[in-house]
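Descriptive structure summary
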Amino acid sequence: MLSIIAAKSDYIAKADEVYHNLREFEEQFESEAQVINYAKCVLIRKEELEDFNIGGINVTVYQDHDGYVLHYLDYVMNLSVYEDQIIAFNVHR
């Protein structure tokens, strides 16, 4: 009987951890989408991408040889730009 209780307790703890990780990923994805969407709109209007705030997220922008480096929250996003279009990006902490 004790082993069933221990197994259920372990299952609940692991399910809680998975839920927490999914929630964190969802929040990261949402902020990433907002930042990319804003940058895409600025570039399509052929404007210079500069520091901005979108949805309460402060983004610091640096120009790079290949495009831009954006710092926001705890993330760094590298945007590769060609002819005012984002052709590639990556995000890391």
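Please read these numbers as outputs of a predicted model, since none were measured by experiment. (Residues numbered from 1 in each chain as written. Predicted model: local features only at pLDDT ≥ 70, side-chain atom pairs only at ≥ 80, totals over all residues. Heavy atoms only, no water.)

**Notes on the packing of aromatic side chains**
Here the distance between the centres and the angle between the planes together describe a pair of aromatic rings. This model, assessed by the stated rule, comprises 3 aromatic pairs. Ring centres of Y38 and F52 lie 4.1 Å apart, and the angle between their planes is 25°; this geometry places the pair in the stacked category. One end of the pair, Y38, is in helix α1 (residues 2-44); the other, F52, is in strand β1 (residues 52-54), and 14 residues separate them in sequence. On the accessibility criterion, Y38 (29% relative accessible area) is partly exposed. Where Y72 meets Y75, the ring centres are 5.7 Å apart and the plane angle is 40°; that geometry is what we call tilted. (Phe/Tyr/Trp six-rings, centres within 6.5 Å; stacked < 30°, edge-to-face > 60°. Helix = DSSP H or I, 4+ residues; strand = E, 2+ residues; numbered from the N terminus. Buried < 20%, exposed > 50% of the residue type's maximum accessible area, 1.4 Å probe, protein only.)

**Structural notes on the sheet that holds strand β4 (residues 75-82)**
Pairing within the open sheet is antiparallel, and its 5 strands lie in the order β1-β2-β3-β4-β5. Among the strands making up the open sheet, the edge pair consists of β1 and β5 (85-92). Taking each pair of neighbouring strands and ignoring which way they run, the sheet shows an average axis angle of 25°. Taken together, the 5 bridges between strand β2 (residues 57-63) and strand β3 (residues 67-72) define a ladder with antiparallel strand orientation. The partner of V59 across the bridge, within β3, is Y72. Running over the sheet, α1 touches β1, β2, β3, β4 and β5 and is turned about 150° from β5. (Pairing = 2+ DSSP bridges. Axes fitted to C-alpha atoms, helices over the stretch in contact; angles between N-to-C directions. Contact = heavy atoms within 4.5 Å.)

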